[in-house]
Amino acid sequence: MRKFSAFALLREGLSGQAGWQRQWRSPEPKPRYDVVIVGGGGHGLATAFYLAERHGIRDVAVVEKGWIGGGNTGRNTTIIRSNYLHDESAAIYEHAVKLWENLAQALNYNVMYSPRGVLMLAHNTHDIQSLKRHVHANRLNGIDNEWLSPQQCKAFCPPLNIDRAMRYPILGGALQRRGGTARHDAVAWGYARAASARGVDILENCEVTGIRRGASGAIEGVETSRGFIGANKVGVVAAGHTSVIMNMAGVRLPLESFPLQALVSEPVKPAFPCVVMSNTIHAYISQSDKGEMVIGAGTDAYTSYSQRGALHIATHTLDAICELVPVFRRLRMLRNWGGIVDVTPDRSPILAKTPVPGLYVNCGWGTGGFKATPGSGDVFAWTIAKDAPHPINAPFTIERFREGVLIDEAAAAAVAH
Ligand code: FAD
Ligand code: PYC
């Protein structure tokens, strides 16, 4: 059994990996695997889990350049919902929501999924029309979403300010009651432990620096900071960095990477019962189980690989929150951080085979991929196992950008794209 000194526990605890939580296998890399997954975020770990669980493919390594969950999975505001406009998006996000509902049982790990309701606010006529259109489209797809008056918004979320004299008054809102939150790092740890228990190797501190292709053009494996690792198939799920890694295999993707930031306040007693999002004034807020107000801001205006966002964007968001919820004016902020999100031209993901035999890609979730984690892992595992897309991810090809069959969800996340 591994022994921990007080110092080691403190150090590992600070990096988010205290000994008691570290229950996955992180061995030396084998020379060859059936499948290598690049990226140990929630999507990569979920893919490995479903490969083992649903397809019996256990000779799998997840290769992570840092520590698992240290990317966007551990940096996001954990909003879960499926109220997307287009049929293709509604299908994939709803598939994920259904998996969230039983995920703790499936992984035997408490991911703290909390369907407390996601309320999207309208502040002008355009917002009302757009959100009502979403309500109707969702209902046609069998997805719950309902329109609330300002008074009903206040009844559902009492701290909201519905004074009509506000700069951006609340004119109503769309409520998805099944939406909510989960604990982000528990999702990474839960998938990691369950995948590891099924034979998957999780290789941390192992950065992919190259992709090797054979004379036929097919995948041979990945060059890493821990040596070459052979593979029959490689799945790349490295949010923010996907275009860099895919370039190593000679595949160009229409992706841009932007910082997206969030903040948490000092912890307070339960005061905010649901998730509130506002597209127009660029703020979203919920309360974590620890009591912190979790607040998300918009993306930076410029592309960058920096894991912090511009200060003026956070300031704008806090102004907006204080106007929406005046009782939070005296709250102090505890931490602020950023992640790097990769964005496609139609703001929908790419989840597909590539022109390179044996190479698969899952990226472009932009500001909204946490909620998709179980669904994305499930259908990506299918795509890799069968070398063919699952019906749910069949529309999310690379070719759609050439053919013009876009899935335009530019208004899908309540943040600045
Ligand atoms: P990640 O968790 O980023 O995992 C990718 C991994 O790849 C990383 O761990 C990285 O280290 C690794 N990697 C990169 N390069 C290499 C390499 N060369 N070799 C090996 N490994 C490599 N989504 C929502 O649905 N709801 C939200 O409320 C929400 N809020 C957000 C708030 C913020 C501030 C941010 C930044 C994002 C938010 N998102 C949200 C988006 C969501 O976080 C992401 O879409 C999702 O977590 C992506 O998961 P992933 O597993 O693909 O990526
Ligand atoms: O997709 O719901 C979302 C979201 C909220 C904040 C960032 N993304």
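These numbers come from a predicted model, not from an experiment.

Topic: the overall build of the chain
Moving on, step 1. On a plain count of helices and strands, the chain comes out with 11 helices and 16 strands.
Moving on, step 2. Oriented by its inertia axes, the alpha-carbon framework of the chain measures out at about 70 × 60 × 40 Å.
Moving on, step 3. Excluding contacts between residues fewer than 6 apart, the proportion of contacts in the chain whose partners are at least 24 apart in sequence is 75%.
Moving on, step 4. Carbon and sulfur atoms form 53% of the exposed surface of the chain, whose accessible area is close to 17400 Å².
Moving on, step 5. If you average the places of the 43 positive and of the 35 negative side-chain charges in the chain, the two averages end up 5 Å apart.

Re the sheet that holds strand S4 (residues 146-148)
To summarise the sheet geometry, strands pair through backbone hydrogen bonds and adopt either a parallel or an antiparallel arrangement.
Moving on, step 1. Strand order in the open sheet made by the eight strands is S4-S5-S3-S11-S12-S13-S10-S14, with mixed pairing throughout. Two strands lie at the open edges of the sheet, namely S4 and strand S14 (333-343), each paired on one side alone. Looking at each pair of strands side by side, their axes are set apart by 20° on average, direction ignored.
Moving on, step 2. Helix-sheet contacts for helix H9 (residues 311-324) involve strand S3 (118-122), strand S10 (256-265), strand S11 (275-278), strand S12 (283-287), strand S13 (293-299) and S14, and the interaxial angle to S13 is about 130°.

With respect to the site of ligand 1
Moving on, step 1. Looking at ligand 1, there are 37 residues lining it, with Glu64, Asn72, Thr73, Thr77 and Lys371 nearest.
Moving on, step 2. For ligand 1, an oxygen atom lies 3.3 Å from a polar atom in the backbone of threonine 78.
Moving on, step 3. At 3.0 Å from an oxygen atom of ligand 1 is found a main-chain nitrogen or oxygen belonging to phenylalanine 370.
Moving on, step 4. Against a free-state accessible area of 1000 Å², the protein chains account for coverage of 97% of ligand 1.
Moving on, step 5. When contributions to the shell around ligand 1 are tallied by element, the ones reaching two or more residues are helix H2 (42-55), S10 and S14.
Moving on, step 6. Counting residues per element, the shell around ligand 1 draws most heavily on S10, at three residues.

Re unusual backbone geometry
Moving on, step 1. Although it is not a glycine, asparagine 108 adopts a positive phi angle of roughly 55°.
Moving on, step 2. Assignment of secondary structure puts asparagine 108 in the loop between helix H4 (103-107) and S3.
Moving on, step 3. Backbone geometry at asparagine 205 places phi at a positive 50°, although glycine is not the residue there.
Moving on, step 4. Along the chain, asparagine 205 turns up in the loop between strand S6 (201-203) and strand S7 (208-213).

Observations regarding the packing of aromatic side chains
Moving on, step 1. The tally for this structure, following the rule as stated, stands at eight aromatic pairs.
Moving on, step 2. Pairing tyrosine 93 with tryptophan 365 gives two aromatic rings, centres 5.9 Å apart and planes at 85°, and the pair type is edge-to-face. With tyrosine 93 in helix H3 (residues 87-101) and tryptophan 365 in the loop between strand S16 (359-363) and helix H10 (373-386), this residue pair connects regions lying 272 residues apart in the sequence.
Moving on, step 3. Among the residues examined, tyrosine 93 registers a relative accessible area of 4% and is labelled buried.
Moving on, step 4. Ring geometry for phenylalanine 272 against phenylalanine 328: centres 5.7 Å apart, planes inclined by 55°, an arrangement best described as tilted. One end of the pair, phenylalanine 272, is in the loop between S10 and S11; the other, phenylalanine 328, is in the loop between H9 and S14, and 56 residues separate them in sequence.
Moving on, step 5. Owing to a relative accessible area of 8%, phenylalanine 328 belongs among the buried residues under this scheme.
Moving on, step 6. Lying across the ring of phenylalanine 228, arginine 212 places its NZ or CZ 3.7 Å from the centre.
Moving on, step 7. In this structure, lysine 386 is placed above the aromatic ring of tryptophan 382, and the distance from its NZ or CZ to the ring centre is 4.7 Å.

Focus: the site of ligand 2
Moving on, step 1. Around ligand 2, the surrounding shell holds 11 residues, and the nearest of these are Arg81, Met277, Tyr284, Thr367 and Lys371.
Moving on, step 2. In the environment of ligand 2, an oxygen atom lies 2.8 Å from a nitrogen or oxygen atom belonging to the side chain of arginine 81.
Moving on, step 3. Protein chains bury 96% of the 240 Å² of accessible surface belonging to ligand 2 in isolation.
Moving on, step 4. When the residues that make up the shell around ligand 2 are grouped by side-chain class, the tally is six nonpolar, three polar and two charged.

Some points on the packing of H2 against helix H7 (residues 184-197)
Moving on, step 1. With their axes 8 Å apart at the nearest point, H2 and H7 run at an angle of 30° to one another. As summarised for this structure, H2 and H7 are arranged roughly parallel, according to the angle between their axes. As H2 packs across H7, the resulting crossing turns out to be left-handed. On H7, the residues touching Gly42, Leu45, Ala46, Ala48, Phe49 and Tyr50 of H2 are Ala188, Tyr191, Ala192, Ala194 and Ala195.
Moving on, step 2. The residue makeup of the contact of H2 with H7, split by class, is 10 nonpolar, one polar and no charged.

Let's talk about the pattern of salt bridges
Moving on, step 1. If you walk through the whole model with that rule in mind, you get 17 salt bridges.
Moving on, step 2. The partner of glutamate 53 in a salt bridge is arginine 198, with the nearest N and O atoms 2.5 Å apart. Of this pair, glutamate 53 sits in helix H2 while arginine 198 sits in the loop between H7 and S6, and the two are 145 residues apart along the sequence.
Moving on, step 3. On the accessibility criterion, arginine 198 (21% relative accessible area) is partly exposed.
Moving on, step 4. Note that arginine 183 and aspartate 185 form a salt bridge whose closest N and O atoms lie 2.8 Å from each other.

What counts, and at which threshold
- Residues numbered from 1 in each chain as written.
- Chains lettered and ligands numbered in written order.
- Predicted model: local features only at pLDDT ≥ 70, side-chain atom pairs only at ≥ 80, totals over all residues.
- Heavy atoms only, no water.
- Helix = DSSP H or I, 4+ residues; strand = E, 2+ residues; numbered from the N terminus.
- Contact = heavy atoms within 4.5 Å.
- Areas by Shrake-Rupley, 256 points an atom, 1.4 Å probe, with all protein chains shown as cover.
- Lys, Arg positive; Asp, Glu negative; His and termini not counted.
- Charge placed at Lys NZ, Arg CZ, Asp CG, Glu CD.
- Pairing = 2+ DSSP bridges.
- Axes fitted to C-alpha atoms, helices over the stretch in contact; angles between N-to-C directions.
- Near = heavy atom within 4 Å.
- Polar contact = N/O pair within 3.5 Å; in protein donor to acceptor, adjacent residues only side chain to side chain.
- Phe/Tyr/Trp six-rings, centres within 6.5 Å; stacked < 30°, edge-to-face > 60°.
- Buried < 20%, exposed > 50% of the residue type's maximum accessible area, 1.4 Å probe, protein only.
- Lys NZ or Arg CZ within 6 Å of the ring centre and 35° of its normal.
- Nonpolar A, V, L, I, M, F, W, Y, C, P; charged D, E, K, R; others polar.
- Parallel < 35°, antiparallel > 145°, perpendicular 65-115°, else oblique.
- Left-handed = near helix turned anticlockwise from the far one by under 90°.
- Salt bridge = Lys/Arg side-chain N within 4 Å of Asp/Glu carboxyl O.

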